Amino acid sequence: MVDLKGQYQKIKPQIDEAIRVVMESTAFINGPAVKRFQKHLEDYLQVKHVITCGNGTDALQLALMALDLQPGDEVITTSFTFVATAEVIALLKLTPVLVDVLPDTYNIDPRAVKEAITPRTKAIIPVHLFGQAADMQQIMEIAREHNLFVVEDTAQALGADFTNLKNGKIQKAGTIGTIGCTSFFPSKNLGAFGDGGAVFTNDDALAEKLRMLANHGMKIRYHHDYVGVNSRLDTLQAAILDVKLAHLDEYAAARQKAASFYNEAFAGCKEINIPVTARFTSHVFHQYTVVLQDVDRKALMGYLAEHDIASAVYYPVPLHLQKAYRDKRYGEGDFPVTEALSRSVMSLPIHTELTPEIQEVIAGAVLEFMHKNR
Ligand SMILES: *Cc1c(COP(=O)(O)O)cnc(C)c1O
């Protein structure tokens, strides 16, 4: 699905040099590269504070910890996402309230969010799924009206631009709500050589608290004001990410080009719904995900595998049907859009090293399968 080796080869001298400098310094924790990378990411995102941490799941957990939520408080999020989004809500003894997604963008449905609000609701976690922003204008309006926090899960959409269509203001996904969270998992848009994550905020007090929470709840060493965690981005990862950050937009452009190629190839194929980008956002295509119409997905993926072509399903089981998240409030049929997507989505390889020749082979195999099975 990705070609991390090819991507590394293109910037190997800079990466290797960055790693060498850290090795020589032996400042493996909180070395100068960490601050430097945070500053560069703040500049890129146009956000006041970036606080790096151990991974994207920790970023979400830290965000919720910083908001002083109490056990039983309700947090609304989407039923169609990676488990981490709901996991941290449950871990903190908060109550995840799931809502359905929109059939065209697969992102959280603002109307469903509105309907799910109760007096116990404290926060909304929109997920900018597959690389495009959720409808932040509507979500922020709902949040303001009901005095709710908004934690953006932008693990898949780092670099995407959200446009407020009312005033034309453009902001990076993840910098619009109370706190934004991202992941530097190797296959993400900005991938480390291991785990990594970050939270962003424009709120000075929240930033200070987030920084403390990620470091055992302390500001002054051995003086602990909060029950915190130990979650850090190590210096080696920061040094690597700092090199790769300079290429983030170029990587997004490469994936956008690859997405256009697929879109054109599949345009006339009635069994394939190509991805739809909402008017208010750019799409950085963390994933290229299509919806299959009356296609035996398992057979198609098997056919592709036989031709050495990768494909994947994100996500085959909606959150409310996962064993760990079964809850008497929810059952099969409650989130029809999510459930239909789980049965019919398929993602194809999309990364910075794709060439038209490779894509020709991939798209050709997909279309061949359709023709054979009509
Ligand atoms: C990857 C991902 C996460 C978690 O990030 P990790 O760094 O793997 O912990 C959270 N939410 C979404 C939507 C993701 O895709």
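Look up: the structure comes first, before these words.
Residues numbered from 1 in each chain as written. Predicted model: local features only at pLDDT ≥ 70, side-chain atom pairs only at ≥ 80, totals over all residues. Heavy atoms only, no water.

## Overview of the state of the cysteines
Disulfide: a covalent bond connecting the sulfur atoms of a pair of cysteines. Under the convention used in this document: Any pair of cysteine sulfurs within 2.5 Å is marked as a disulfide. Burial classes: relative accessible area under 20% of the type maximum marks a residue as buried, over 50% as exposed, and values in between as partly exposed (1.4 Å probe, protein chains only).
Overall, the coordinates contain zero disulfides when judged by the stated rule. With no disulfide of its own, Cys53 lies closest to Cys181 among cysteine sulfurs, the gap being 7.8 Å. Looking at Cys53, the relative accessible area reads 0%, which means it is buried. We classify Cys181 as buried; its relative accessible area is 1%.

## Details of the pattern of salt bridges
Quick reminder of the rule: The term salt bridge refers to a pairing of a side-chain nitrogen on Lys or Arg with a carboxyl oxygen on Asp or Glu at a separation within 4 Å. What counts as a helix is a DSSP run of H or I of at least four residues, what counts as a strand is a run of E of at least two, and both are numbered from the N terminus.
Counted according to the given criterion, the structure contains 16 salt bridges. Linking Lys12 and Asp16 is a salt bridge whose minimum nitrogen-to-oxygen distance equals 2.7 Å. Residue Lys12 and its partner Asp16 are both found in helix 2 (residues 12-25); the two are separated by four residues, about one turn of the helix. Asp68 is the salt-bridge partner of Lys209, the closest N and O atoms lying 3.3 Å from each other.

## Concerning helix 10 (residues 248-266)
Each turn of an α-helix holds 3.6 residues, which means side chains three or four residues apart point in the same direction. Rule in force here: An expected span of 1.5 Å times one less than the residue number is assigned to each helix. Note that the arc is computed from the directions linking the helix axis to the C-beta atoms.
Under the 1.5 Å per step criterion, the end-to-end length of helix 10 is 27 Å for 19 residues, consistent within 8% with the ideal 27 Å. Within the span of helix 10, buried status applies to Leu248, Tyr251, Ala252, Arg255, Ala258, Ala259, Tyr262, Asn263 and Phe266. In a view along the axis of helix 10, the buried residues occupy a sector of 145 degrees, so they form one face of it. Along helix 10, the residues that are exposed and aim more than 90 degrees away from the buried face are Lys257 and Glu264.

## Comments concerning the packing of aromatic side chains
For clarity, the cut-off: Each aromatic pair joins two rings of Phe, Tyr and Trp (for Trp, the six-membered one) with centres within 6.5 Å, and gets the label stacked for planes under 30 degrees apart, edge-to-face for over 60, and tilted for any other angle.
Evaluation of the coordinates by the stated rule reveals 14 aromatic pairs. Measuring from ring centre to ring centre gives 5.7 Å for Tyr106 and Phe130, while their planes differ by 75 degrees; the resulting arrangement is edge-to-face. Here Tyr106, found in the loop between strand 3 (95-99) and helix 6 (110-116), pairs with Phe130, found in the loop between strand 4 (121-125) and helix 7 (136-146); they are 24 residues apart in sequence, far enough to count as distant. In this pair, the class of Tyr106 matches that of Phe130, namely buried. Ring pairing ties together the aromatic residues Phe80, Phe82, Tyr106, Phe130, Tyr314 and Tyr315, which thus form one cluster.

## Describing unusual backbone geometry
Residues Tyr314 and Tyr315 are joined by a peptide bond in cis, for which omega reads 5 degrees. Among the secondary structure elements, Tyr315 is positioned in the loop between helix 11 (297-306) and helix 12 (336-344).

## Considering the pairing of strand 11 (residues 288-292)
Put simply, the test is: In this description, strands pair whenever DSSP reports at least two bridges between them.
Within strand 11, five of the five residues are buried, which leaves the element mostly enclosed by the surrounding structure. Burial along strand 11 is two-sided: the residues Tyr288, Val290 and Leu292 and Thr289 and Val291 are all buried. As judged from the two bridges shared by strand 10 (residues 272-273) and strand 11, these two strands associate in the antiparallel manner. Bridge pairing in strand 11 places Asn273 opposite Val291. Pairing of strand 11 with strand 12 (residues 345-348) involves four bridges; the strand directions are antiparallel. Following the sheet pairing, Thr289 is matched in strand 12 by Ser347.

## Some thoughts on the environment of Gln138
Filter applied, for reference: Throughout this description, a polar contact denotes any pair of N or O atoms lying within 3.5 Å of each other; where both atoms belong to protein, one of them has to be capable of donating a hydrogen while the other can accept it, and for residues adjacent in sequence the pair is counted only when both atoms sit in side chains.
Residue position: Gln138 is located in helix 7. For the pair formed by Gln138 and Tyr288, sequence separation is 150 residues and the distance between their alpha carbons is 25 Å. A distance of 3.0 Å separates the side chain of Gln138 from the side chain of Asp135, its partner in a polar contact.

## Details of the site of the ligand
Note the cut-off: Any residue with a non-hydrogen atom lying within 4 Å of a molecule or strand is treated as near it. Values of accessible area rely on a 1.4 Å probe in the Shrake-Rupley scheme; residue burial ignores everything except the protein chains shown. Only Asp, Glu, Lys and Arg are considered charged in this grouping, and only Ala, Val, Leu, Ile, Met, Phe, Trp, Tyr, Cys and Pro are considered nonpolar; every other residue, Gly among them, is considered polar.
As a structural note, the neighbourhood of the ligand is formed by 14 residues, with Gly56, Thr57, Asp153, Ser183 and Lys188 the closest of them. Between the ligand and Gln156 there is a distance of 2.8 Å, counted from an oxygen atom to a side-chain nitrogen or oxygen. The side chain of Ser183 places a nitrogen or oxygen atom 2.7 Å from an oxygen atom of the ligand. Contact with the protein chains removes 92% of the 380 Å² of surface that the ligand exposes when unbound. In terms of residue count, the dominant contributor to the shell around the ligand is helix 4 (residues 56-66) (three residues). The residue makeup of the shell around the ligand, split by class, is five nonpolar, seven polar and two charged.

## Re the environment of Asp296
In this structure, Asp296 sits in the loop between strand 11 and helix 11. Here Asp296 falls in the partly exposed class, since its relative accessible area comes to 49%.

## A few points about the sheet that holds strand 8 (residues 179-183)
Sheet strands line up and pair through hydrogen bonds in the backbone, either parallel or antiparallel. As a reminder, the rule being used: For helices, the fitted axis covers only the stretch in contact; all axes are lines through C-alpha atoms, and the angles between them, taken along N-to-C directions, range from 0 to 180 degrees. The contact criterion used throughout is that any non-hydrogen atoms of two residues lie within 4.5 Å.
With mixed pairing, the seven strands of this open sheet are ordered in space as 1-9-8-5-4-2-3. Of all strands in the sheet, those bounded by a partner on one side alone are strand 1 (49-53) and strand 3. The average angle at which neighbouring strand axes cross in this sheet is 25 degrees, direction not considered. Sheet analysis places strand 2 (residues 74-78) next to strand 4, joined by four bridges and oriented parallel. In the strand pairing of strand 4, Glu74 is matched with Thr121. Helix-sheet contacts for helix 3 (residues 32-45) involve strand 1 and strand 9 (197-201), and the interaxial angle to strand 1 is about 135 degrees.

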